[in-house]
Amino acid sequence: MENKKEMRNWLNEFNLTHPFVIAGPCSAETEEQVLKIAHALKDSDVSVFRAGIWKPRTRPGGFEGVGEIGLKWLKKAKAETGLLMGTEVATAAHCKLALEADIDVLWVGARTTANPFAVQEIADTLKGTDKIVLIKNPVNPDMALWLGGVERLYAAGIKKLGVIHRGFSTYEKTKYRNIPEWQIPIELQNKFPDLPLLIDPSHITGNRDMILEVTQQALDLNYDGMIIETHNDPDNAWSDAAQQVTPDALKQIFKDLKIRKVSGDTPDFDNKMTKLRANIDVLDANLLDLLGKRMKVADEIGQVKKENNVAVLQNNRWNEIQAKMIAEGAKKGLTEEFIVRLFKDIHQESIGHQEKILNKL
Ligand code: PEP
Ligand code: MN
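The structure displayed is predicted, hence computed values, not measured ones.

Enquirer: So what exactly am I meant to see when it comes to the nonpolar core here?
Expert: Counting 70 residues, the largest nonpolar core has Phe-49 and Trp-182 as its most contacted members. For this core, the element with the highest residue contribution is helix α7 (residues 143-155), accounting for six residues. The contacts of Phe-49, once residues within four sequence positions are left out, are Ala-23, Gly-24, Pro-25, Val-34, Ile-37, Ala-38, Leu-41, Leu-74, Leu-83, Leu-84, Met-85 and Gly-86.

See below:
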């Protein structure tokens with residue numbers, strides 16, 4: 001991972017004036033479907049056509065992909081449209097077949113990244129290839145596992161490497177199919193600024209209505225590109241129906257996305273500022289998250305006070321908190337004035353929450 005410059009060269013070869021785009025169906029279903037979608041994406045910002053032909057399904061019984069025959073369809077789509085072709089590989093056999101079929105982009109899926117033996121097998125089979133190899137984050141929010149995947153591929157002499165952020169699974173029900181945990185890809189980006197980072201809003205959201213919003217967030221965080229599941233008849237797709245968009249909807253997304261213009265004095269300045277601001281955005285989001293959680297605890301305290309008929313304001317407790325925070329804050333370079341102001345506001349909000357609970361009928 002010493003010479004990270006090499007990593008970015010492959011993206012520069014595309015000479016694009018917009019983010020790098022991969023699009024196409026979750027799964028190749030029929031030859032006709034593949035060709036139809038590829039033709040619809042031909043004259044657009046899409047550089048690579050994607051279609052899964054080997055589909056790792058969480059539970060048996062789902063559509064597991066058309067298999068090897070799909071490679072023929074991709075070859076035909078490439079010949080007819082000129083688009084580069086990409087597919088997911090999970091085993092050495094998949095890699096061999098994909099290389100034989102001259103597939104341009106091979107990606108390692110989230111379930112595979114979580115398995116170091118499988119990643120090593122893929123790395124060994126792709127040794128020294130000049131194909132583009134992308135590695136998705138593992139299903140669990142484990143930065144080291146993702147990093148380990150990148151390192152295994154890099155050590156195999158694969159130079160055209162990139163990463164795909166597709167979100168992380170969680171037991172909690174959220175508005176996302178896989179929660180983004182933006183701080184993880186941003187940490188990776190900080191470690192390897194020259195490693196292209198793509199967003200996969202389809203698998204993060206699981207919902208076509210949220211694709212634009214999440215892609216915009218990613219571009220605001222300086223991502224290099226996106227991979228978006230696109231299908232001619234999304235509702236009847238054989239896999240991941242709810243999250244796929246039509247080619248027309250995808251083109252509308254391209255129009256609606258605000259691509260950040262380069263500003264400032266030098267590219268170096270811009271680059272640094274963008275990364276630092278991305279950091280600030282993540283930290284601010286974390287701050288809000290923590291404050292929200294703190295207020296929930298305040299609500300619970302309000303409930304206990306109500307049950308025991310105790311007054312909201314406990315001056316001793318408050319003085320104790322303030323003194324502790326001033327001392328802790330000083331260690332982190334925060335002024336006493338700021339700490340007093342900040343905690344006064346937090347305390348005020350907390351009292352407001354408790355009042356509400358105590359006075360609720
Ligand atoms: C896919 O891209 O269709 C896919 C299976 O994604 P993931 O590995 O992110 O679940
Ligand atoms: Mn999918």
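Next, the rest of the story.
Enquirer: Whenever I open this one, the pattern of salt bridges confuses me. Can you help?
Expert: Should their charged atoms come close, side chains of opposite charge can pair. On inspection of all chains with the given rule, the structure shows 16 salt bridges. Put simply, Asp-102 and Lys-131 hold a salt bridge, and the shortest N to O gap is 2.5 Å. Taken as a pair, Asp-102 in the loop between α4 (92-100) and β4 (105-108) and Lys-131 in the loop between α6 (116-125) and β5 (132-136) lie far apart in primary sequence, 29 residues in all. Exposure remark for Asp-102: the relative accessible area of 38% places this residue in the partly exposed category. Assessed through its relative accessible area of 13%, Lys-131 is described here as buried. Between Arg-177 and Asp-240 there is a salt bridge, with its nearest N and O atoms 3.2 Å apart. Of this pair, Arg-177 sits in the loop between β6 (161-165) and α8 (183-191) while Asp-240 sits in the loop between β8 (225-229) and α11 (247-256), and the two are 63 residues apart along the sequence. Each of Arg-57, Arg-177 and Asp-240 takes part in salt bridges that share partners, so that together they form one network.

Enquirer: So what exactly am I meant to see when it comes to the coordination of the manganese ion (ligand 2) here?
Expert: Expected angles at a metal are 109.5 degrees for tetrahedral coordination by four donors and either 90 or 180 degrees for octahedral coordination by six donors. For the manganese ion (ligand 2), the full set of protein donor atoms is Cys-26 (SG), His-203 (NE2), Glu-229 (OE) and Asp-240 (OD), and the range of their distances to it is 2.1 to 2.4 Å. Written as a sequence motif, the donor arrangement for the manganese ion (ligand 2) is C-x176-H-x25-E-x10-D. Of this pair, Cys-26 sits in the loop between β1 (20-24) and α2 (31-41) while Asp-240 sits in the loop between β8 and α11; the two residues are 214 residues apart in sequence, bridging distant segments of the chain. For Cys-26, a relative accessible area of 0% corresponds to the buried category.

Enquirer: Whenever I open this one, the side chain of Glu-229 confuses me. Can you help?
Expert: As for its placement among the helices and strands, Glu-229 is situated in strand β8. Glu-229 sits in the buried class, given a relative accessible area of 1%. Within the structure, the side chain of Glu-229 is placed 3.3 Å from the side chain of Arg-50, a separation counted as a polar contact. One polar contact links Glu-229 to His-203, side chain to side chain, over a distance of 3.1 Å.

Enquirer: Any chance you could explain the domain arrangement of the protein chain here in plain terms?
Expert: Interface size, as often reported, equals the accessible area lost upon joining of the parts. Looking at the protein chain, the domain boundaries give domain 1 (4-256) and domain 2 (267-359). Between domain 1 and domain 2, the C-alpha centre-to-centre distance is 40 Å. On the domain 2 side, the residues contacting the eight residues of domain 1 number seven residues. Taken together, both faces of the contact between domain 1 and domain 2 bury some 640 Å²; the carbon and sulfur share is 62%. In this assembly, domain 1 and domain 2 are joined by zero salt bridges. On inspection of domain 1 and its partner domain 2, the count reaches zero residue pairs in polar contact (both at pLDDT 80 or more). Counted by class, the side of domain 1 that touches domain 2 contains four nonpolar, four polar and no charged residues.

Enquirer: Can you help me understand the packing of helix α12 (residues 267-308) against helix α14 (residues 336-358) in this one?
Expert: Helix packing for two helices is described by the angle between their axes and how far apart those axes are. In contact at an axis separation of 8 Å, α12 and α14 are set at 45° when each is read in the N-to-C sense. Here α12 lies oblique to α14, going by the angle between them. As for the relative orientation of α12 and α14, their crossing is right-handed in sense. Here α12 contributes Leu-291, Arg-294, Met-295, Ala-298, Asp-299, Ile-301, Gly-302, Gln-303, Lys-305 and Lys-306 to the contact with α14, which in turn contributes Ile-346, Glu-349, Ser-350, His-353, Gln-354, Ile-357 and Leu-358.

Enquirer: Where do I start with the side chain of Thr-230 in this structure?
Expert: Inspection of the secondary structure puts Thr-230 in the loop between β8 and α11. At 3.0 Å, the side chain of Thr-230 forms a polar contact with the backbone oxygen of Ile-228. Once residues lying within four places of it in the same chain are set aside, the contact partners of Thr-230 are Ala-23, Gly-24, Pro-25, Ile-37, Leu-41, Gln-244, Val-245, Thr-246, Pro-247 and Leu-250.

Enquirer: Sorry, what's going on with the site of ligand 1 here?
Expert: Contacts to ligand 1 come from Cys-26, Arg-50, Lys-55, Glu-88, Trp-107, Gly-109, Ala-110, Arg-111, Lys-136, Arg-166, His-203 and Glu-229. At 2.9 Å, a side-chain N or O of Arg-50 approaches an oxygen atom of ligand 1. The separation between an oxygen atom of ligand 1 and a polar side-chain atom of Arg-111 is 2.9 Å. Within the complex, 98% of the 300 Å² of free accessible area of ligand 1 lies under protein. Here the residues of the shell around ligand 1 sort into three nonpolar, two polar and seven charged.

The rules behind each value
Residues numbered from 1 in each chain as written. Chains lettered and ligands numbered in written order. Predicted model: local features only at pLDDT ≥ 70, side-chain atom pairs only at ≥ 80, totals over all residues. Heavy atoms only, no water. Core = buried A, V, L, I, M, F, W, Y, C linked by side-chain atoms within 4.5 Å. Buried < 20%, exposed > 50% of the residue type's maximum accessible area, 1.4 Å probe, protein only. Helix = DSSP H or I, 4+ residues; strand = E, 2+ residues; numbered from the N terminus. Contact = heavy atoms within 4.5 Å. Salt bridge = Lys/Arg side-chain N within 4 Å of Asp/Glu carboxyl O. Donors = N, O, S within 2.8 Å, 3.2 Å for Na, K, Ca; no water. Polar contact = N/O pair within 3.5 Å; in protein donor to acceptor, adjacent residues only side chain to side chain. Domains from an automatic or database assignment. Buried area = accessible area lost by both parts, 1.4 Å probe. Nonpolar A, V, L, I, M, F, W, Y, C, P; charged D, E, K, R; others polar. Axes fitted to C-alpha atoms, helices over the stretch in contact; angles between N-to-C directions. Parallel < 35°, antiparallel > 145°, perpendicular 65-115°, else oblique. Left-handed = near helix turned anticlockwise from the far one by under 90°. Near = heavy atom within 4 Å. Areas by Shrake-Rupley, 256 points an atom, 1.4 Å probe, with all protein chains shown as cover.

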